[in-house]
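Below, each chain spelled out in residue letters.
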Amino acid sequence: LFKEFIYLNEVDSTNAYVKQNQQYLPNATVVYAERQTQGRGRFSRRWVDLDKGIKMSILLKLLLLDLEKIVPFTLFTGLVINRVLRKHGVESFIKWSNDIYLNGKKVCGILSELSGEVEGFGSIIIGIGINVNAKSVPEEIKDIATTLKAETLHDFDRTRLIIDILKEFERELSNFEKYGFSYFRDEYKSFCINLGKEILVNGERMLCKDIGKNGELVCEKDGKIVEISSGEVTIRF
Ligand code: BTN
């Protein structure tokens, strides 16, 4: 699946790079950057650039019809990364929708963006940021974020991690396309740290009861069930 790998020393953002150049890039191109000067996070935040991390974007060209899969697609990507990290001995967990946590702090974020339409085709750009071999994170994010190295006290082979992530993504893609998110739901639930917790969804307090068939967050609020398919979620530990 992944035949085109573009390595950049420095770029503003790998997601932005893919967006700008997508008409020249084949399906399943991966763009990797050693350094991002304007890394983007979800909710218009910035993604702090750490040394010796993984910052890459995957371009998937899809039929417009399939673009509604963007939410399950990002959940799927998070699950794949969690699985690979665990294979590498990391006891990671998933925070809905697709943050990867280790020891209560974030080590990986995913930003998926939809883009442009050309003759019935559109694309999903899946941006993946993993804090890998930096010794620590800057003061301003040290309460919420960490790196694989800071938690495990050893270095990781980033090339190996990238290859394993792309391979696992490719290996499971057909199951995802055939059965959708529900094929992965049990595994997702077993690593999801929101379940059973009181959480804040866009500032509203709720109890997280379940993960639905399409990956939505099923919560209880004032005795009623509410399904959340996007938004910012904070866990109250
Ligand atoms: C988040 O948790 O807010 C998502 C962070 C996504 C960061 C990655 S790093 C590679 C790609 N390029 C970007 O500008 N952002 C994503």
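Placed above this text is the structure.
Residues numbered from 1 in each chain as written. Predicted model: local features only at pLDDT ≥ 70, side-chain atom pairs only at ≥ 80, totals over all residues. Heavy atoms only, no water.

Report on the pattern of salt bridges, specifying residues and quantitative values.
All chains considered together, the criterion is met by 24 salt bridges. The salt bridge partner of K142 is E139, with a shortest N-O separation of 3.3 Å. Using a relative accessible area of 61% as the deciding quantity, one classes E139 as exposed. Three or more residues are tied together by salt bridges with common partners; here these are R83, K87, E168, R171, E172 and E187. (Salt bridge = Lys/Arg side-chain N within 4 Å of Asp/Glu carboxyl O. Buried < 20%, exposed > 50% of the residue type's maximum accessible area, 1.4 Å probe, protein only.)

Could you give me a rundown of the side chain of T77, with the residues and numbers involved?
Along the chain, T77 turns up in helix α2 (residues 70–87). Take T77: its relative accessible area is 1%, and that puts it in the buried class. When near neighbours in sequence (up to four residues on either side) are disregarded, T77 contacts I110, I126, I128 and F169. (Helix = DSSP H or I, 4+ residues; strand = E, 2+ residues; numbered from the N terminus. Contact = heavy atoms within 4.5 Å.)

Give me unusual backbone geometry: which residues, what numbers.
A cis geometry characterises the amide bond from W96 onward to S97, with omega recorded as 5 degrees. Even without a glycine there, the phi angle at K52 is positive, about 55 degrees. Looking at K52, the relative accessible area reads 44%, which means it is partly exposed.

I'd like a rundown of the packing of aromatic side chains, residues and numbers included.
Applying the stated criterion across every chain, the model contains 13 aromatic pairs. With a centroid separation of 6.3 Å and 20 degrees between ring planes, the pair formed by F73 and F169 is classed as stacked. Of the two residues, F73 sits in helix α2 while F169 sits in helix α4 (residues 158–179), which places them 96 residues apart along the sequence. Exposure remark for F73: the relative accessible area of 3% places this residue in the buried category. A relative accessible area of 0% places F169 in the buried class. With 4.9 Å between their ring centres and 75 degrees between their planes, Y183 and F184 make a pair best called edge-to-face. Put simply, the rings of F2, F73, F76, F169, F176, Y179, Y183 and F184 pair up and form one aromatic cluster. Above the face of the F93 ring, R86 is positioned so that its terminal group lies 5.0 Å from the ring centre. (Phe/Tyr/Trp six-rings, centres within 6.5 Å; stacked < 30°, edge-to-face > 60°. Lys NZ or Arg CZ within 6 Å of the ring centre and 35° of its normal.)

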